[in-house]
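Letter by letter, the chains look like this.
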Amino acid sequence: LTELLAAASAMVERLVAAGQHYSVAKGSEDIADAYIVLGQYEKAREALQVGVKAADAAKAGPDRGILELRLGRIERLAGQYRRAQAHIGLALELLAESALLKELAEAHLENSLLNEERQHWRAALDSYRESAQIRERLLIAQSDARVHALEVRLELVRGGTGER
């Protein structure tokens, strides 16, 4: 796995040189996730910082928000709460401007965890509630989409068999 990550990092360097910033931003997220799983937080941080620069160059705010969220998580796990708060705050701002509800809910949950560790109970509860409300809206939207898909399938089946 370490060799694979080294090869992926080398590919990122080639993509940066070629100016393919969007691919770098998305790839950095995956590379960082793998390093986080391996417990190699410093390498994950480095990969995310490359991704943040690429997301800025590609003007991909929501993608940068996802990267900032991961940076915030790494800083929280390292006990660097001020840095974590800065990254999570920026992630919340960038993701609030997007349609990425799942990631926005995740950012509020991460903010709740950070506030809990800092013993800011009210802020932790507020962030948790916001995360839960967003997840509820997301689940309702997913459920509505499934109902609509089933209705369409039913109409297609009825139309195909001649039943009404």
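To be clear, the structure that these remarks concern was listed above.
What you are looking at is a predicted structure, and each value in this text was computed from that prediction instead of being measured.

Conventions and cut-offs
Throughout, a residue's number is its position along its own chain's written sequence, starting from 1. Thresholds applied to this predicted model are a pLDDT of at least 70 for local features of residues and 80 or more for the giving and counting of side-chain atom pairs; totals over whole chains, interfaces and linings are not thresholded and use all residues. No hydrogens and no water enter the side-chain calculation; it runs on all heavy atoms of the structure. The secondary structure listing takes helices from DSSP runs of H or I that are at least 4 residues long and strands from runs of E that are at least 2 residues long, numbered from the N terminus. Buried, partly exposed and exposed residues are distinguished by accessible area as a fraction of the type maximum, computed with a 1.4 Å probe on protein chains only: under 20%, between the cut-offs, and over 50%, respectively. Side-chain atoms alone can form a polar contact between residues adjacent in sequence; in general such a contact is a pair of N or O atoms within 3.5 Å, and within protein one must be able to donate a hydrogen while the other accepts it. Residues are treated as being in contact if the distance between any of their heavy atoms lies within 4.5 Å. The pocket and cavity definitions rest on a 1 Å grid over protein atoms only: a 1.4 Å probe that fits but cannot leave marks a cavity, an open set with protein on both sides within 12 Å along at least five of seven lines marks a pocket, and residues lining either have an atom within 4 Å of a point. Grid points are joined across faces, edges and corners, and a volume is the space filled by probe spheres set on the points. Each residue receives one of three labels: charged for Asp, Glu, Lys and Arg, nonpolar for Ala, Val, Leu, Ile, Met, Phe, Trp, Tyr, Cys and Pro, and polar for the others, Gly being one of them. By definition, a salt bridge exists where a carboxyl oxygen of Asp or Glu is found within 4 Å of a side-chain nitrogen of Lys or Arg. By convention a nonpolar core is built from buried Ala, Val, Leu, Ile, Met, Phe, Trp, Tyr and Cys residues, the set being connected through side-chain atoms within 4.5 Å. To obtain each axis, a line is fitted to C-alpha atoms, and for helices this fit is confined to the stretch in contact; angles are then taken between N-to-C directions over 0 to 180 degrees. By definition in this entry, angles of less than 35 degrees are roughly parallel, angles greater than 145 are roughly antiparallel, angles of 65 to 115 are roughly perpendicular, and the rest are oblique. In a left-handed crossing the near helix is turned counterclockwise from the far helix by less than a right angle, and in a right-handed crossing that turn is clockwise.

Trainee: Looking at this structure, I do not really get the side chain of Glu 29. What am I missing?
Mentor: Along the chain, Glu 29 falls in helix H2 (residues 21–37). A residue is classified by how much of its surface remains accessible, and Glu 29, at 12% relative accessible area, is buried. Among the polar contacts made by the side chain of Glu 29, one reaches the side chain of Arg 70 at a distance of 3.5 Å. Those residues within four positions of Glu 29 in sequence are excluded, and the remaining contacts are Ile 66, Leu 67 and Arg 70.

Trainee: What is the right way to read unusual backbone geometry from this model?
Mentor: It is generally the case that most residues other than glycine have a negative phi and that most peptide bonds are trans. Of note in this structure, Gln 119 is not a glycine but carries a positive phi near 60°. Tracing the chain through its elements places Gln 119 in the loop between helix H6 (101–117) and helix H7 (121–161). Residue classification places Gln 119 among the exposed positions, given a relative accessible area of 56%.

Trainee: Is there a simple way to explain the layout of surface pockets in this structure?
Mentor: Over the atoms rolls a probe the size of a water molecule, and in doing so it shows where empty space is left. There is about 230 Å³ of room inside the largest pocket. Lining the largest pocket, in full, are Ser 9, Val 12, Glu 13, Val 16, Ser 28, Ile 31, Tyr 35, Lys 43, Glu 46, Ala 47 and Val 50. Secondary structure elements with two or more residues in the lining of the largest pocket: helix H1 (2–18), H2 and helix H3 (41–57). Classifying every residue of the lining of the largest pocket gives six nonpolar, two polar and three charged.

Trainee: Even after reading the chapter, I still don't get the pattern of salt bridges, so can you show me in this structure?
Mentor: Pairing is possible between side chains of opposite charge, provided their charged atoms come close. A full pass over the atoms with the stated rule returns 15 salt bridges. Between Arg 70 and Asp 33 there is a salt bridge, with its nearest N and O atoms 2.5 Å apart. With Arg 70 in helix H4 (residues 61–77) and Asp 33 in helix H2, this pair connects stretches of sequence that are 37 residues apart. Classification of Arg 70 as buried rests on a relative accessible area of 11%. Since its relative accessible area comes to 26%, Asp 33 is described here as partly exposed. Overlapping salt bridges bring together Lys 26, Glu 29, Asp 33, Asp 63 and Arg 70 as one network.

Trainee: Looking at this structure, I do not really get the nonpolar core. What am I missing?
Mentor: General note: in soluble globular proteins, nonpolar side chains tend to be found buried as a group. Judged by nonpolar contacts, the single largest core of 19 residues is most densely connected at Ile 31, Ala 44, Leu 48 and Leu 67. Leave out the neighbours within four places in its chain, and Ile 31 touches Leu 5, Ala 8, Ser 9, Val 12 and Ala 47. Counting residues in hydrophobic clusters, the runner-up holds 12 residues, among them Leu 69, Ala 84, Ala 107 and Ile 134.

Trainee: Help me understand the packing of H2 against H4 in this model?
Mentor: Contact geometry of H2 with H4 gives a least axis separation of 10 Å together with a crossing angle of 25°. By the criterion of interaxial angle, the relationship of H2 to H4 is roughly parallel. Our pair here, H2 against H4, has a crossing hand that is left-handed. When H2 is examined against H4, the residues Tyr 22, Ala 25, Lys 26, Glu 29, Asp 33 and Ile 36 are found in contact with a partner set consisting of Asp 63, Ile 66, Leu 67, Arg 70 and Ile 74. Counted by class, the contact of H2 with H4 contains six nonpolar, no polar and five charged residues.

These results come straight from atomic positions and should not be treated as a statement about function.
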